Amino acid sequence: MSKSELIEGVEAKELANAIRALAMDAVEKAKSGHPGMPMGMADAATVLFSKFLKYDPSNPSWPDRDRFVLSAGHGSMLLYALLHLTGYADMTLDEIKNFRQLGSKTAGHPENFLASGIETTTGPLGQGLANAVGMAMAEAHLAARFGGALVDHRTWVIAGDGCLMEGISQEAIALAGRQKLNKLIVIWDDNSISIDGAVSLADTTDQKARFAASGWSVLSCDGHDFADVERAFETATKSDRPVMIACKTTIGYGSPKKAGTAKAHGEALGAEELAATKAALGWKYGPFEIPDNIRTAWLKVGARSAGKREEWAARLKKSEHKDAFAAAMGDGNIEAAVAALGLHAAKMAAEKPALATRASSHGSIDAMFEACPELLGGSADLTGSNLTLAKGSHDFTPENRAGRYVRYGIREHGMAAAMNGMALHGGVVPYGGTFLTFADYSRPAIRLSALMGIRVIHVMTHDSIGLGEDGPTHQSVEHLASLRAIPNLYVFRPADAVETAECWQAALLRDDGPSLLALSRQATPALRGDASENLSVRGAYELLPAEGGASRVAIFATGTEVALAVKAREILQQEGIPARVVSAPCFEMFELQDDAYQDAVCGDDDEIKIGCEAAIGQGWFEAFGLDAFVGMSTFGTSAPAKDAYAYFGITSEAIVETAKALLD
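These numbers were taken from a predicted model, which means no experiment stands behind them.

Enquirer: It is not clear to me how the pairing of strand β3 (residues 67-70) should be interpreted in this structure. Could you clarify?
Expert: One face of the sheet, then the other: side chains in a regular strand alternate in exactly this way. Of the two faces of β3, the one holding Arg67 and Val69 and the one holding Phe68 and Leu70 are both buried throughout. Sheet topology places β3 next to strand β4 (residues 155-159); 4 bridges connect them, and they run parallel. Bridge assignment links Val69 to a residue of β4, and that residue is Val157.

Here it is in structure tokens:
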């Protein structure tokens, strides 16, 4: 496509200038935003949306659409302008005018739950790139399962210099290179500018060489030459590996005074420079004004894949995989997995095995894996420790896309972000394992999954000082409290095999946010002899009542410390002090219960309330109205688990002594 080629009867540069104009006008009206990136990438985006991207604004959730990820989320007006111009019904001109305003769909950074056509929430740089890797993995897996007639689409990404500087980018591109995800195409907005100024102030990495070293095909193009951009995109679609296109652009393209400078990055151009830029571009129209011929041309561009969608729908209707595909995309097998876990819980209640809860989780995974073909597991190089590999499952590899287990390597952050991408893509239910202390590596992606409200399951083992000799670098102390602080993240810490199965049930049934299972390395006794009702979904429940009178002491505990609470209760009962035990596997689910239930579990004010967890007590007093807490206040130590618990005073005897002191 030459600079003068017509697209639907309009010059390509005029279509691109419509993007620029909307971006400039919206940022100017808001007096806030990032105009430079949309101005610089408008030409390449015009080529992508008019010639290559497969999408249908009239059916934004079409499963076989291409995914477009704006990893450089600060340039959100590029995406909003494209969605508006191509005909997404909810991206109205009024929404564009309300950019960055309270209640608008056009937030400062794209939020996938606000408007159709936004595939993921981006802004923290590099996250979108890593999400896209997960989307491409999901596409490859589902294509192997259902065939190319139903699943055959690409994932396109626009990433900036900042995305590539973030450490997560290396984890993501290395994973994609190893997996040879040839339907993943990353367009690097190579404008050499960041907020501080020239990128070279902080980074002189040869990005093309870095991608090539990670197994990618690498191409280059002039981002303001429509024909050269089209050539690069066309070549990229023929690659047998993931592709990075170094798209050389000028940030703030068209601005007489700010183009090519950091001044164009993150602030409005100003009225005078805005007028000068429109004049330089030959754009003769007022604020938010799009001429009819340009608007009509863009709407025709947006309709170009409607026929492909209809052809796909016809193929689906005739496909032998029709029902299975619908089940995969619509959570149709979740209930079967939950039922399988129910049977497994009943078996555990009858057999009463003393297991580490990570081993109990392994049993749960085995029990439900075949019932839910959408489960796609993995681990960050800790498979034998996390116990996340289901019996009989095979690795997801370039040679076996049907495999249901991903070897993520030592890439916790990349794994968590890729799982977000898988969940956003649909058709898979991702879970992945690492140690709980390494949740710190995964945290930014976990936070975004909570913000987006997507089902991702984190299996995090070695959850306390109970992991023993590896010592304080690996022993989680503050992690449970910090994770519970993330809104919309459910943190489960089950006490035995029955509770573990119940927590897995809750995580699977949850379709509006992520879940994290904190699991032990060390064995813990069986505590539940009845699995007829899932009690863990209450968040907290009375495991053992007081005997011999009204309860004087209530002991609240999670995970492996519930067994300590049970022993402490036994001692207190023997000494004539009625006591009860509350197991609290999920604070977040307890908060959802009505006041009457919470009051019944927490007890009255005359009762001494003690919490116990091998972690810091932050959040405990507020959750249960405690009088005291037996737990950690410092980092751990390198020692066998039993010795570490005794050293820090997390014992049944310590609970008893605390109770007696408060009763005196």
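Enquirer: Looking at this structure, how should I read the packing of aromatic side chains?
Expert: The geometry of two aromatic rings is summed up by the distance between their centres and the angle between their planes. Under the defined criterion, the tally for this structure stands at 22 aromatic pairs. Seen in terms of ring centroids, Phe590 and Phe624 are 5.3 Å apart; in terms of plane orientation they differ by 35 degrees. Their pairing is tilted. Placement of Phe590 in helix α22 (residues 587-591) and of Phe624 in helix α24 (residues 620-624) is noted, with a sequence separation of 34 residues between them. Given a relative accessible area of 2%, Phe590 falls into the buried group. Members of the aromatic cluster, each reached through a chain of ring pairs, are Phe556, Phe587, Phe590, Tyr597, Trp620, Phe624 and Phe629. Looking at Arg404, its charged tip hangs above the ring of Phe369, at a distance of 3.6 Å from the centre. A cation over an aromatic ring shows up here: Arg510 above the ring of Tyr490, its NZ or CZ 3.5 Å from the ring centre.

Enquirer: Explanation requested: the packing of helix α3 (residues 76-86) against helix α11 (residues 292-302) in the structure shown.
Expert: In a pair of packed helices, the angle between the axes and the distance between the axes together describe the arrangement. Between α3 and α11, the shortest axis-to-axis distance is 7 Å and the interhelical angle comes to 90 degrees. Comparing their axes, α11 and α3 come out roughly perpendicular. Listed contacts from α11 to Leu82, His84, Leu85 and Thr86 of α3 are Arg295, Trp298, Leu299 and Gly302. Classifying every residue of the contact of α3 with α11 by side-chain character gives 4 nonpolar, 3 polar and 1 charged.

Enquirer: Could you clarify how one ought to interpret empty space enclosed by the protein in this entry?
Expert: It is a probe the size of a water molecule, rolled over the atoms, that shows where empty space is left. Considering all chains together, one arrives at 2 cavities of 30 Å³ or more under this definition. Roughly 90 Å³ of internal volume is contained in the largest cavity. Here the lining of the largest cavity is built from residues that sort into 8 nonpolar, 1 polar and 4 charged. Empty space within the second largest cavity amounts to approximately 40 Å³. What lines the second largest cavity is simply Pro63, Asp64, Leu150, Val151, His153, Phe325, Met329 and His425. Across the lining of the second largest cavity, the residue classes tally to 5 nonpolar, 2 polar and 1 charged.

Enquirer: Explain the sheet that holds β3 to me, please; I cannot follow it from the model alone.
Expert: Strand pairing in a sheet relies on backbone hydrogen bonds. The paired strands run either parallel or antiparallel. Overall, parallel pairing links the 5 strands, which are arranged β3-β4-β5-β9-β8 in an open sheet. Because the sheet does not close on itself, it has two edges, and the strands there are β3 and β8 (217-222). The average undirected angle you get between the axes of adjacent strands in this sheet is 20 degrees. Pairing geometry for β8 and strand β9 (residues 243-248), over 6 bridges, is parallel. Bridged to Ser220 within β9 is Ala246. Here helix α5 (residues 127-146) sits on the sheet and contacts β3, β4 and β5 (184-190); the angle it forms with β4, its principal contact strand, is near 170 degrees.

Enquirer: Help me understand the sheet that holds strand β13 (residues 429-435), please; the structure alone is not making it clear to me.
Expert: Read across the open sheet, the 6 strands follow the order β12-β11-β13-β14-β16-β15; overall the sheet is parallel. Each having just a single partner strand, β12 (405-407) and β15 (490-492) make up the two edges of the open sheet. The sheet shows a mean angle of 20 degrees between the axes of neighbouring strands, taken without regard to direction. When strand β11 (residues 375-379) meets β13, the two strands line up parallel, connected through 3 bridges. Following the sheet pairing, Leu376 is matched in β13 by Pro430. Relative to the sheet, helix α18 (residues 439-452) contacts β13, β14 (457-461) and β16 (515-518), its axis offset from that of β14 by approximately 165 degrees.

Enquirer: Explanation requested: the nonpolar core in the structure shown.
Expert: Generally speaking, a soluble globular protein has its nonpolar side chains buried in company with each other. If you look at the biggest cluster of nonpolar residues, it comprises 120 residues, and the most contacted ones within it are Met77, Leu184, Phe233 and Trp298. When residues in this core are grouped by element, the largest group, 12 residues, is from α5. Look past the residues within four positions of Leu184 in its chain and what remains in contact with it is Ala132, Val133, Ala136, Thr155, Val157, Ala176, Trp216, Pro242 and Val243. Ala565, Val581, Ile610 and Ala614 belong to the second largest nonpolar core, which has 50 residues in total.

Enquirer: Explanation requested: the layout of surface pockets in the structure shown.
Expert: Computed from the structure, the largest pocket encloses a volume of approximately 650 Å³. Considering the residues around the largest pocket, the lining is formed by 32 residues, among which Met329, Ala423, Leu424, His425 and Gly426 are closest to the centre. When contributions to the lining of the largest pocket are tallied by element, the ones reaching two or more residues are α13 (322-329) and α17 (412-425). Across the lining of the largest pocket, the residue classes break down as 15 nonpolar, 10 polar and 7 charged.

Enquirer: Looking at this structure, how should I read the pairing of β9?
Expert: In terms of burial, β9 is a largely internal element, 5 of the 6 residues being buried. Across 6 bridges, the pairing between β5 and β9 is parallel. Bridge pairing links Val186 to Met244 in β9. For the crossover that starts at β8, traverses helix α9 (residues 226-236) and ends in the parallel β9, the hand is right-handed.

Enquirer: Can you walk me through the environment of Gly378 in this structure?
Expert: For Gly378, the position within the fold is in strand β11. Note: C-alpha distance between Gly378 and Val151 (227 residues apart in sequence) is 22 Å. Residues within four places of Gly378 in sequence aside, it is in contact with Thr388, Tyr405, Val406, Tyr408, Tyr431, Gly432 and Gly433.

Enquirer: What exactly am I supposed to notice about the packing of helix α14 (residues 334-351) against helix α15 (residues 357-369) here?
Expert: Contact geometry of α14 with α15 gives a least axis separation of 8 Å together with a crossing angle of 130 degrees. On the basis of the axis angle, α14 is oblique to α15. Handedness of the crossing formed by α14 with α15: right-handed. Contacts between α14 and α15 involve Ala337, Ala340, Leu341 and His344 on the former and, on the latter, Ser360, Gly363, Ser364, Ala367 and Met368. When grouped by side-chain class, the residues that make up the contact of α14 with α15 number 5 nonpolar, 4 polar and no charged.

Rules and cut-offs
Residues numbered from 1 in each chain as written. Predicted model: local features only at pLDDT ≥ 70, side-chain atom pairs only at ≥ 80, totals over all residues. Heavy atoms only, no water. Buried < 20%, exposed > 50% of the residue type's maximum accessible area, 1.4 Å probe, protein only. Helix = DSSP H or I, 4+ residues; strand = E, 2+ residues; numbered from the N terminus. Pairing = 2+ DSSP bridges. Phe/Tyr/Trp six-rings, centres within 6.5 Å; stacked < 30°, edge-to-face > 60°. Lys NZ or Arg CZ within 6 Å of the ring centre and 35° of its normal. Axes fitted to C-alpha atoms, helices over the stretch in contact; angles between N-to-C directions. Parallel < 35°, antiparallel > 145°, perpendicular 65-115°, else oblique. Contact = heavy atoms within 4.5 Å. Nonpolar A, V, L, I, M, F, W, Y, C, P; charged D, E, K, R; others polar. 1 Å grid on protein atoms, 1.4 Å probe; cavity = no way out; pocket = protein on both sides within 12 Å on 5 of 7 lines; lining within 4 Å. Points joined across faces, edges and corners; volume = space filled by probe spheres on them. Core = buried A, V, L, I, M, F, W, Y, C linked by side-chain atoms within 4.5 Å. Right-handed = clockwise from strand over helix to strand, strands pointing away. Left-handed = near helix turned anticlockwise from the far one by under 90°.

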